[in-house]
Amino acid sequence: MKRIEHIIAGHRTPGISASVSPVYNPATGEQTGTVCMGTAEDVAAAVAAAKEALPDWAGTPPAKRARVMFRLREILEARKDDVARAISEEHGKTHDDALGEVARALEVVEYAAGIPELLKGDYSRDVGPGIDTMADRQALGVVAGITPFNFPAMVPLWMIPMAVACGNTFILKPSERDPSSANLVHDLFAEAGLPAGVLNVVHGGKDAVDAVLDHGDIQAVSFVGSTPIAEYVYTRGCAAGKRVQALGGAKNHMVILPDADMDQAADALMGAGFGSAGERCMAISVAVPVGQETADKLVKKLAPRVSALKIGPATDPQAEMGPVITRAAQERIESLISKGAEEGARVVVDGRGLRLQGYEGGFWVGGTLLDHVTPEMTVYREEIFGPVLSVLRADSYDSAVDLINKHQYGNGTAIFTRDGDAARDFAARIQVGMVGINVPIPVPVAYHSFGGWKRSIFGAHGIYGPEAVHFYTRLKTVTSRWPTGIRAGAQFTFPSH
Ligand code: NAD
């Protein structure tokens, strides 16, 4: 059985605590390893390593830091199957889906390779007599990232390339449920030439997170995970004087107007609702057809598709969807489906109790379709984070917009229509951070930034893209005078010119 250790200053270490947590293969339900659970002492050791590496790394010219990203890009491309396998073994997603995760991570590495351009400052000559002003952005120092289970390679790679390209050193606290990918990411960075100590990995749960939040030498924390923990991380991190961005959970709606192509909408809902077993923060979990006729047509198209979903382990190339992450997640999702039925939703396709031959111990939940869901129901209010698609029938376009705007989450949303006016109005009025028009999962590319609204984000900055440059640096403005013959004498009024 493998043991997943911390990596501090380039060395693997079990840390000082004997505490470990089990790691499973979700397709079989078998324990495949243990992960070391970090303590405050382990975090302190990682911070010490990151502090030691900082002066040299921050002093390395941006173009040289960029070269690490160029090499990492090539290594990731060459090793993408290995990374995808590492993801799937502990997360359970299909190999193709894991490859998609690697591809999106690669885009961030490519963007970070342009860091000399991104860090270029501003310069104004003659802001006053003989006075020039230069503004540039400098690294913060030691920064940290805390990441969720659902993208065990991509979310760390949303953060690390931009943070280290900006000249910071980094401590990653990955999800304890699928921790191996983080160590592989570390090793690929090392192979690309990132000096030891610039990236450190401390595994663990709440103890490690609290130690990160409280440590006085960590300047900034990026968090991605569920909303209650995002809010906690934001509050505690800010109280400790850190810069914090904390991205939380979601309930993403897709509005289907009567003029939409129903087959296209149904296909989009299948991929966005059930890809990765619904364990994506940008998964569509609520379909909002407008009008009863649209709803009937849509449900008629969806039901056979959901029933026919090919569910299997990542080793099955035919599989469209894998298991969920843990037995606890499986039980929680099944109990939420039951709650939906109790509260009056119609269970059109029921994924509870799925058993797969040869994989009887796996954490399976079949694709589930709930119709006649209402805003009061638990299945609508809570993020299920599983392969469950709810259909909430709206009377009108305006009531669909209202519904979405009233929801506590505002991560992603989509509208399917041929009506340009409606689409334009939707994009303007909807209280959601990422909007798709006939695009079900509008995850921004790496040169834009990712971030929701409302309780899907705490803090001012989106993640990766231009916002990351702002988050991982601070502004310095230098105003200089080289007086040749200017003798203004002492001035006691506020400087002006
Ligand atoms: P999670 O909140 O349980 O865990 C995220 C991180 O927080 C992990 O590293 C975990 O170890 C740590 N953590 C867990 N409990 C903690 C506690 N009590 N105190 C301190 N730290 C704690 O999230 P998850 O289940 O791993 O991931 C799924 C969630 O992440 C979903 O809600 C999903 O929507 C969200 N997510 C959001 C985005 C986004 O960009 N908005 C992206 C991916 C996932």
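Here the structure is a predicted model, which is why all the values come from computation and not from measurement.

Under the definition given, this model contains two cavities of 30 Å³ or more. The space that makes up the largest cavity amounts to roughly 90 Å³. As for the largest cavity, its lining consists of 15 residues, of which G278, A283, S285, E383 and F385 are closest to the centre. By residue class, the composition of the lining of the largest cavity is seven nonpolar, five polar and three charged. A volume near 30 Å³ is recorded for the second largest cavity. Along the walls of the second largest cavity sit R104, E107, V108, M154, W158, V443, P444, V445, A446 and Y464, which together make up its complete lining. No other element matches helix α4 (residues 95–112), which puts three residues into the lining of the second largest cavity. Looking at the lining of the second largest cavity residue by residue, the classes come out as eight nonpolar, no polar and two charged.

Mapping N252 onto the fold places it in strand β13 (residues 252–256). N252 sits in the buried class, given a relative accessible area of 1%. Within the structure, the side chain of N252 is placed 2.8 Å from the backbone oxygen of A283, a separation counted as a polar contact. Filtering out sequence-adjacent residues up to four positions away, N252 remains in contact with C281, M282, A283, I284, S285, V286, N411 and G412.

To continue, consider α4. Compared with an ideal rise of 1.5 Å per residue, which puts 18 residues at 26 Å, α4 spans 26 Å between its outermost C-alpha atoms and is within 8% of the ideal. All buried positions along α4 are accounted for by D97, A98, E101, V102, A105, L106, V108, V109, Y111 and A112. Lining the buried residues of α4 we find α2 (62–78), α3 (80–91), α5 (115–118), α6 (154–165) and α16 (465–471).

Before going further, it helps to spend a moment on the layout of surface pockets. Volume-wise, the largest pocket comes out at about 820 Å³. Looking at the lining of the largest pocket, the elements with two or more residues in it are α6, α8 (206–214), β11 (218–224), α9 (227–239) and α12 (327–342). Per-class residue counts for the lining of the largest pocket are 22 nonpolar, twelve polar and eight charged. Both of domain 1 (2–248 + 456–478) and domain 2 (252–437) provide at least three residues apiece to the lining of the largest pocket.

Around the ligand, 28 residues are found, and the nearest of them are T147, K173, E176, S226 and E383. Interatomic distance of 2.6 Å between a side-chain N/O atom of S226 and an oxygen atom of the ligand. The contact in question runs from an oxygen atom of the ligand to an N or O atom on the side chain of E383, over 2.6 Å. Placement of the ligand is best described as lying within the largest pocket. Counting residues per element, the ones that place at least two in the shell around the ligand are α8 and β11. Per-domain counts for the shell around the ligand show at least three residues from each of domain 1 (2–248 + 456–478) and domain 2 (252–437).

Remember that side chains alternate between the two faces of the sheet whenever the strand is regular. For β11, the tally of buried residues reaches six of seven residues, placing the bulk of the element in the interior. Relative to β11, strand β8 (residues 142–146) runs parallel, the two being bridged by five bridges. If you follow G145 over to β11, its bridge partner there is S222. Relative to strand β12 (residues 243–247), β11 is paired through five bridges, and the arrangement is parallel. Residue pairing in the sheet places V224 in a bridge with L247 of β12. What joins β11 to β12 is α9, and the crossover it makes is right-handed.

All right, on to the domain arrangement of the chain then. Note: interface size is frequently given as the accessible area lost on complex formation between the parts. Considered domain by domain, the chain is made up of domain 1 (2–248 + 456–478) and domain 2 (252–437). Of note, the centres of domain 1 and domain 2, computed from C-alpha atoms alone, are 31 Å apart. Each partner contributes to the interface: domain 1 provides 20 residues, whereas domain 2 provides 23 residues. For domain 1, the biggest contributors to the area lost against domain 2 are A27, T94 and S456; these three give 27% of the whole. Here domain 1 and domain 2 share one salt bridge between them. One salt bridge in this structure joins D97 and R280, with 2.9 Å as the shortest N-O distance. Across the contact surface, domain 1 and domain 2 share six residue pairs in polar contact (both at pLDDT 80 or more). The set of elements that each furnish at least two residues to the side of domain 1 that touches domain 2 consists of α3 and α4. When residues in the side of domain 1 that touches domain 2 are grouped by element, the largest group, three residues, is from α3. Split into classes, the residues belonging to the side of domain 1 that touches domain 2 amount to five nonpolar, ten polar and five charged.

Turning our eyes to something else, we now look at the nonpolar core. The biggest cluster of nonpolar side chains holds 66 residues, and the ones touching the most others in it are L76, W158, V164, F170, F189, F450 and Y472. With ten residues, α6 is the largest single contributor of residues to this core. Three or more residues apiece are contributed to this core by two domains, here domain 1 (2–248 + 456–478) and domain 2 (252–437). Among the nonpolar cores identified, the runner-up in size contains 65 residues, and A272, A287, V306 and V388 belong to it.

If you walk through the whole model with that rule in mind, you get zero disulfides. This cysteine, C166, is not joined by any disulfide, and C238 carries the nearest cysteine sulfur, 20 Å off. Taking the relative accessible area as the measure of exposure, C238 reaches 31% and is therefore partly exposed.

A contiguous nonpolar patch, built from Y123, M134 and V478 and spanning about 270 Å² of accessible area, is present on the exposed surface. Looking at the secondary structure, you find V478 in strand β23 (residues 473–481). Overall, the relative accessible area of 33% leaves V478 in the partly exposed class.

Rules used throughout
Residues numbered from 1 in each chain as written. Predicted model: local features only at pLDDT ≥ 70, side-chain atom pairs only at ≥ 80, totals over all residues. Heavy atoms only, no water. 1 Å grid on protein atoms, 1.4 Å probe; cavity = no way out; pocket = protein on both sides within 12 Å on 5 of 7 lines; lining within 4 Å. Points joined across faces, edges and corners; volume = space filled by probe spheres on them. Nonpolar A, V, L, I, M, F, W, Y, C, P; charged D, E, K, R; others polar. Helix = DSSP H or I, 4+ residues; strand = E, 2+ residues; numbered from the N terminus. Buried < 20%, exposed > 50% of the residue type's maximum accessible area, 1.4 Å probe, protein only. Polar contact = N/O pair within 3.5 Å; in protein donor to acceptor, adjacent residues only side chain to side chain. Contact = heavy atoms within 4.5 Å. Expected span 1.5 Å × (residues − 1). Domains from an automatic or database assignment. Near = heavy atom within 4 Å. Sits in = over half its atoms within 2 Å of the grid points. Pairing = 2+ DSSP bridges. Right-handed = clockwise from strand over helix to strand, strands pointing away. Buried area = accessible area lost by both parts, 1.4 Å probe. Salt bridge = Lys/Arg side-chain N within 4 Å of Asp/Glu carboxyl O. Core = buried A, V, L, I, M, F, W, Y, C linked by side-chain atoms within 4.5 Å. Disulfide = S-S within 2.5 Å. Patch = residues over 30% accessible without salt bridge, like charges linked within 9 Å, V, L, I, M, F, W, Y side chains within 5 Å. Areas by Shrake-Rupley, 256 points an atom, 1.4 Å probe, with all protein chains shown as cover.

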